[in-house]
Amino acid sequence: MRIKAQVAMVMHLDKCIGCHTCSVTCKNVWTNRPGMEYVWFNNVETRPGTGYPKQWENTDRYKGGWVLRNGKLHLRAGGPVTKLASIFYNPNMADMNEFYEPWTYDFQHLHKRKKGDSIPVARPRSTITGDFIDKPEWGPNWDDDLAGGSETVPLDPNVQKLQEHIAMEYEKTFMMYLPRICEHCLNPSCVASCPSGALYKRDEDGIVLVDQDACRGWRFCMNGCPYHKVYYNWNTHKAEKCNFCYPRTEAGLPTICSETCVGRIRYIGVVLYDADRVKAAASVEDPKDLYESQLSVFLDPFDPEVIAEAEIQGINHSWIESAQQSPVYKLAMKWKIALPLHPEYRTLPMVWYVPPLSPIMNHITNEQELSAEGYIPAVDQMRIPMEYLASLLTADDTAVIRRVLLKMAAMRVHMRAKTVGGIDFSDESKLLKEADTTPEELEEMARLLAVAKYNERFVIPTGRREMNNDLDYKRGACSIEELAPPEGKVTYPFERSEGL
Amino acid sequence: MEVLFWWTIFPYMCGTILVVATFYRFVYRGKSWTAPSTEIFEKKWLRVGSMLFHYGIIFAFIGHIMGVLIPIEVYNAIGVNDETYHFFAIAGGGLAGLMVVIGLLVLFFRKFAHPRVRAHTTAGGYFTIIWLLLVAGLGTYMTLIYNTTVGAFEYRLAIGPWFRSLFTLHPMADLMIGVPLLFKIHVIVSFILFAMIPFTSLVHMFSFPLRYPTRAPQQYRARDGYNKNSR
């Protein structure tokens, strides 16, 4: 048993209002530099839609993630030898048109134009070429709120898989928001795709980073990541990616996207997992089993054996304590209402999602008259959203989605019965049985999902530094550093007391 | 003068610049050490140009090892006569040279023609391509035209031994006197190219990730002192 800690995130999609505050704060902190204008470490997609970059889920085209061949994991884009042979031209990489050509506006024109009859306009100007773009044809969130309508929705790879036709009439359609960051996978295919070994997963907290000194710009990580969350900085010619705001998480603070989330949809916590089990968990035959096999990798932070072993392996007490209070552990492993995004890529992603009930509830017109049992057929009848969610979160296993949605519906009914009344919801209710839950669990869930405060949503232990030998020096490095002799080599003309 | 400067001092000057400046850049300018790809801007022409150029130059490099670094005595010992050698050298070298030249021309015009690529090409980028074209163009001309019209020059008796003698620090510069002018110019511009390497994007050739197939797919890194079973 090789125990590692992983800082993970859960997003509760029902609460996402698609305001893009996370994307904007992230952009202002990390990607507002030349070379990174087109990059969004965090982006929010309207689903169904094409996503960013366009059709990133189309694995036939970008060849991201892993595939299982003869029981063994292989990179879909090809192993090291294939990669070295195609190092001069990467056929599967997305070019800028798949993201978008970033632009700014010619604001100076508003100031400088001579007085005239017409109102001056600020024309869009490409930040790549500096030329005016007379007609931008794609941009960030171009298809936000289904605005691409019947033109962009059919491009969604998840929609293309659906047997049924998605109604695009305003009253009949459905939509949801999907905020995405790097998944900080347990079995990251970007790391395996990097010829230089520049990408790595941190032992202490599982954050996946790019070593800017080691990156040589070979670009295989860009499409090696099936989530397309590693980007090429055309200015430095090196790869950059979401770093889970490690300077913040090391200080015990949530990532900037979580901190600023208006809907408070994000939860951050520590989970313990067994690194020795990762490979086997990613290699199960049926993609539908990947969700369960990934769950089997995680360790119970209350198990005395796990605690003892974790301490031997150098995970300190504050991390174990955080793992016990982790909201991620509760949502994903204990209550099992959070699900991994596209488990079929076999990367064992670590940003999980509570599927939204709203696309289904929006279609219920008679909720006032609905009995508790009435919610079961209501969930079942919404086949299209359910299949769509299954395509996103469970490798097309609708049974898992149904269980989670029923649990969410049960929570809704239970809390409504408790606080508003007017609905009969007994402990023997069929809904409770179908959802396989108890009123106590539902109340705990409701607490964490609806009223949890900052300290409950973000349980992040500070990064470890106690193994640094020169901590005092780092803390107290003073301005005469360059002039004074190195610390510890000072000889004093007078006797020093012990310990000074 | 020619013997002393061009065939004795100059090669060592270029070699020194190559070694010292490459070392300096790797150690002190590590963040600029990269393969400066523009594939994100344009893919179609890059595919043709980059594949032709890179594979061509790898073949050309192997060809130069065979022609310059491996002594003629080796060929004689294994029974490859001069006609056979030159036939394969002209055919193989010509093909490699053409690949390099055509690839470079495609890359060069791509830099002009595609607005996004053009916006991000520096003077150094153009200069590198032009100089490579000069070196490769001369080499290809020598291989394909000079060798077949004027006559196959036996560089394995002149340039080869001279080049190898540079490494033993006893340069046999007199060997270069009788070499045709075209070959001399090719050697000189090549040495300038060697000296250019650390100042241009060409450094990425030293980073070809040969170790990739042998390393573990997943890479973990820990802070110093973490996870050392120290309790």
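Owing to the predicted nature of the structure, the values given are computational and were not obtained by experimental measurement.

## Some thoughts on the overall build of chain B
Item 1. Helix and strand counts for chain B stand at 8 helices and 1 strand.
Item 2. Counted from the first residue to the last, chain B has its helices and strands arranged as α-α-α-α-α-α-α-α-β.
Item 3. Across its three principal directions, the C-alpha atoms of chain B cover 70 × 50 × 40 Å.
Item 4. Out of the 231 residues in chain B, the part that is buried amounts to 23%.
Item 5. Considering only contacts in chain B between residues 6 or more positions apart, those separated by 24 or more positions represent 80%.

## As for the nonpolar core
Item 1. Counting 133 residues, the largest nonpolar core has V10 and A409 of chain A as the members making the most contacts within it.
Item 2. Tallying contributions element by element places helix α20 (residues 398–419) of chain A first for this core, with 10 residues.
Item 3. Excluding anything up to four places from it in sequence, V10 of chain A contacts Y267, P327, V328, L331, A332, A338, W352 and V354 of chain A.
Item 4. Counting residues in each nonpolar core, the second largest holds 14 residues, with L52, A60, A96 and M142 of chain B among its members.

## Concerning the interface of chain B and chain A
Item 1. Each side of the interface is counted separately: chain B has 39 residues, and chain A has 42 residues.
Item 2. Taken together, the residues of the side of chain B that touches chain A break down into 15 nonpolar, 14 polar and 10 charged.
Item 3. By the bridge criterion, 2 bridges tie strand β8 (residues 199–202) of chain A to strand β1 (residues 220–221) of chain B in an arrangement that is parallel. Opposite K201 of chain A, over in β1 of chain B, you have Y220 of chain B as the bridge partner.

## A word on the environment of I307 of chain A
Item 1. As for its placement among the helices and strands, I307 of chain A is situated in helix α14 (residues 304–312).
Item 2. Put simply, I307 of chain A and E321 of chain A are 14 residues apart on the chain and 9.6 Å apart in space, counted from C-alpha to C-alpha.

## A word on the sheet that holds strand β14 (residues 351–354) of chain A
Residue and element names in this part refer to chain A.
Item 1. If you trace the 4 strands from one edge of the open sheet to the other, you get β12-β1-β14-β13, paired in mixed fashion. Two strands in the sheet have a free side with no partner beyond their single neighbour: β12 (266–274) and β13 (339–340).
Item 2. With 2 bridges joining them, β13 and β14 adopt antiparallel strand pairing. Of the residues in β14, the one forming a bridge with P340 is W352.

## Here we look at the confidence of the model for chain B
For residues with low pLDDT, the predicted coordinates do not support detailed interpretation.
Item 1. Looking at chain B, pLDDT values average 92 and 97% of them are 70 or higher.
Item 2. At the level of chain-chain contacts, confidence expressed as ipTM amounts to 0.91, with global pTM at 0.90.

## Regarding the sheet that holds β8 of chain A
Item 1. If you trace the 3 strands from one edge of the open sheet to the other, you get β9(A)-β8(A)-β1(B), paired in mixed fashion. In this open sheet, the two edge strands, each paired with only one partner strand, are β9 (208–210) of chain A together with β1 of chain B.

## What to know about the packing of helix α1 (residues 2–28) of chain B against helix α8 (residues 181–196) of chain B
All names here are of chain B.
Item 1. At a closest axis distance of 7 Å, the pairing of α1 and α8 adopts a crossing angle of 25 degrees. Looking at the two axes, α1 sits roughly parallel to α8. Of α8, the residues touching α1 (which contributes W6, F10, P11, C14, G15, I17 and L18) are I188, F191, I192, F194 and A195.
Item 2. Across the contact of α1 with α8, the residue classes tally to 11 nonpolar, 1 polar and no charged.

## Quick word on the environment of T128 of chain B
Item 1. Along the chain, the position of T128 of chain B falls in helix α6 (residues 123–149).
Item 2. Separated by 69 residues in sequence, T128 of chain B and I197 of chain B have C-alpha atoms that sit 8.9 Å apart.

## Details of helix α16 (residues 327–334) of chain A
All names here are of chain A.
Item 1. A large share of α16 lies buried, amounting to 6 of its 8 residues.
Item 2. In the core, the buried residues of α16 are packed alongside β1 (3–12), β12, α15 (317–325), β14, α22 (439–451) and α23 (454–457).
Item 3. Looking one or two residues beyond α16, the residue adopting positive phi is K336, at roughly 55 degrees.

## Topic: unusual backbone geometry
All names here are of chain A.
Item 1. In this model, R47 is joined to P48 through a cis peptide bond whose omega is 0 degrees.
Item 2. The linkage connecting Y52 with the following residue, P53, adopts the cis geometry, with an omega of -10 degrees.
Item 3. Relative to the helices and strands, P53 is located in the loop between β2 (43–47) and α2 (59–62).
Item 4. With phi around 55 degrees, K336 is a residue other than glycine that occupies positive phi space.
Item 5. Assignment of secondary structure puts K336 in the loop between α16 and β13.
Item 6. Residue K336 is classed as partly exposed on the basis of its C-beta count, with 18 C-beta atoms lying within 10 Å.
Item 7. With phi around 50 degrees, H342 is a residue other than glycine that occupies positive phi space.
Item 8. With respect to the helices and strands, H342 occurs in the loop between β13 and β14.
Item 9. On the basis of neighbour count, H342 is assigned to the buried category, with 24 C-beta atoms found within 10 Å.

## Structural notes on α22 of chain A
Each full turn of the α-helix corresponds to 3.6 residues, which orients residues three or four apart in the same direction.
Residues and elements named next belong to chain A.
Item 1. Over its 13 residues, α22 runs 17 Å from end to end, which matches the ideal 18 Å to within 8%, given 1.5 Å per residue.
Item 2. Of all the residues in α22, the buried ones are L442, M445 and L449. Along α22, the residues classed as buried sweep out an arc of 65 degrees about the axis, all on the same side. Opposite the packed face of α22, turned more than 90 degrees from it, sit the exposed residues E440, R447 and V451.
Item 3. The secondary structure elements touched by the buried residues of α22 are β1 and α20.

About the thresholds
- Residues numbered from 1 in each chain as written.
- Chains lettered and ligands numbered in written order.
- Predicted model: local features only at pLDDT ≥ 70, side-chain atom pairs only at ≥ 80, totals over all residues.
- Helix = DSSP H or I, 4+ residues; strand = E, 2+ residues; numbered from the N terminus.
- Buried ≥ 20, exposed ≤ 12 C-beta atoms within 10 Å, placed from the backbone.
- Contact = placed C-beta atoms within 7 Å.
- Core = buried A, V, L, I, M, F, W, Y, C linked by C-beta atoms within 7 Å.
- Nonpolar A, V, L, I, M, F, W, Y, C, P; charged D, E, K, R; others polar.
- Pairing = 2+ DSSP bridges.
- pLDDT = per-residue confidence, 0-100.
- Axes fitted to C-alpha atoms, helices over the stretch in contact; angles between N-to-C directions.
- Parallel < 35°, antiparallel > 145°, perpendicular 65-115°, else oblique.
- Expected span 1.5 Å × (residues − 1).
- Arc of directions from axis to C-beta.

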